[in-house]
Each structure stands twice: as structure tokens, then as C-alpha cells.
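# Tertiary structure, described
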Amino acid sequence: MLDYTVHNYMEDIIKNLVKEMLRERPDVCDCDTCYWDICALVLNRIKPQYLEIETNIQKLSPFMLNRLRNLVLDAMVLVANNARPYHGKDQTVTIQLQNLSEPLVRRILTEMSETNEFLRENKESLPVIAAMILNQLEPRYAVTDRGGAYLRARELELQFLPSIMSKVYNVVKQFQG
Ligand SMILES: [Zn+2]
């Protein structure tokens, strides 16, 4: 697998906003499972930002902040109504929040690099190439343990591969000039 790091900066904004709003709402469960479920729901409904942006909540426009707060409120209601049966009780499973499009793009770029000289010789461009691709893909956040995320990424692959592949090709072509 190609080795590069990508980060959706919206994750920072949403994690902080959800934490802040959970403090205002003692009636909503704030265990790890519910917290990550709320974050995942919100992140799947907003455009990802894999190229660096302002992440300080205080610096967001009132319009943007209001929109995000409403999405968090909706997600809180959904998670409260569909609480996982063992939420907050199973400490043995390490859960993580992950955009399943990330491992998928990494696999596609890795396979492409076997025949694409440009990708092999411009490794320093990989984080930006991957970020530009991920900005164009719909986010597919899931709260999973590591094994689960891998399985779901395989399922997604079959379903969305053709449209994802064409976006990957376009971005790489753009870089090759
Ligand atoms: Zn909970």
C-alpha cells in the first residue's frame, strides 16, 4: 500500500462541536459509541475538506455554525432513538471513526502506481492528489473496529468503483498535466 497521510479537516470541527453540544445536553448519552455515531452521521451529510481549512469553531461564519449545529441536533435525536444495545458497556472493542472512502482511494492509487510512472516518481504529491480525490467523493463515515471497516470497504468497492475510478483518473491526469 502507498504510504501517505490524509485528513478531513471537517472532522476536527465536528468533533469539537459535538463535544461542546453534548455538554449543553445532559439528557443525551455521551458514551464513546454515541459520540462517534453522532459525529459519523453529521460528517456524512457535509462536504469533506481534505485540503487544510480553518477549523476553529469561533471563526466559522454564523450561518455555517448554525447549519452545523442543526445537523448535530438532528444526529443527536437519531442516535438517541436508535441507541446501540451495548453502547457504553463494551470497553473491550476499540472503535474508530473512519471515512471508508479513504482506504478505497489508497487501494486504487496503489494499484494505479504499479503501471503509472508519474505516481511512482512523485510520491510527495500523493497527499494532495488523494485529498483532491476525497474532496470529490461522497463521505462514507462509519464507526467500526478495524476488521469491520475493512469488510465494508470491500462491499463499497463493488458498488461505487466505476464512478470513483473515473474521479481518480481525472485528478491524476490533471496533475500529470
Ligand atoms: Zn451511549
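See above for the structure.
In short, a report on the structure.

Rules used throughout
- Residues numbered from 1 in each chain as written.
- Predicted model: local features only at pLDDT ≥ 70, side-chain atom pairs only at ≥ 80, totals over all residues.
- Heavy atoms only, no water.
- Helix = DSSP H or I, 4+ residues; strand = E, 2+ residues; numbered from the N terminus.
- Contact = heavy atoms within 4.5 Å.
- Axes fitted to C-alpha atoms, helices over the stretch in contact; angles between N-to-C directions.
- Parallel < 35°, antiparallel > 145°, perpendicular 65-115°, else oblique.
- Left-handed = near helix turned anticlockwise from the far one by under 90°.
- Nonpolar A, V, L, I, M, F, W, Y, C, P; charged D, E, K, R; others polar.
- Phe/Tyr/Trp six-rings, centres within 6.5 Å; stacked < 30°, edge-to-face > 60°.
- Buried < 20%, exposed > 50% of the residue type's maximum accessible area, 1.4 Å probe, protein only.
- Lys NZ or Arg CZ within 6 Å of the ring centre and 35° of its normal.

### Comments concerning the side chain of serine 101
Inspection of the secondary structure puts serine 101 in helix α4 (residues 101-113). In this view, serine 101 contacts Leu134, Leu137, Glu138 and Arg140; residues no more than four positions away in its chain are not counted.

### Some thoughts on the packing of helix α2 (residues 32-43) against helix α3 (residues 62-81)
At a closest axis distance of 9 Å, the pairing of α2 and α3 adopts a crossing angle of 130 degrees. On the basis of the axis angle, α2 is oblique to α3. Between α2 and α3 the crossing geometry is right-handed. Here Cys34, Asp37, Ile38, Leu41 and Val42 of α2 come into contact with α3, specifically with Leu71, Val72, Ala75, Met76, Leu78 and Val79. A breakdown of the residues in the contact of α2 with α3 according to their chemical character gives 10 nonpolar, no polar and one charged.

### Overview of the packing of aromatic side chains
Overall, the coordinates contain one aromatic pair when judged by the stated rule. Between tyrosine 35 and tryptophan 36, the ring centres sit 5.0 Å apart and the planes meet at 50 degrees, which makes this aromatic pair tilted. Each member of the pair tyrosine 35 and tryptophan 36 is classed as buried. Residue placement shows arginine 106 over the ring face of tyrosine 4; its charged tip is 4.3 Å from the ring centre.

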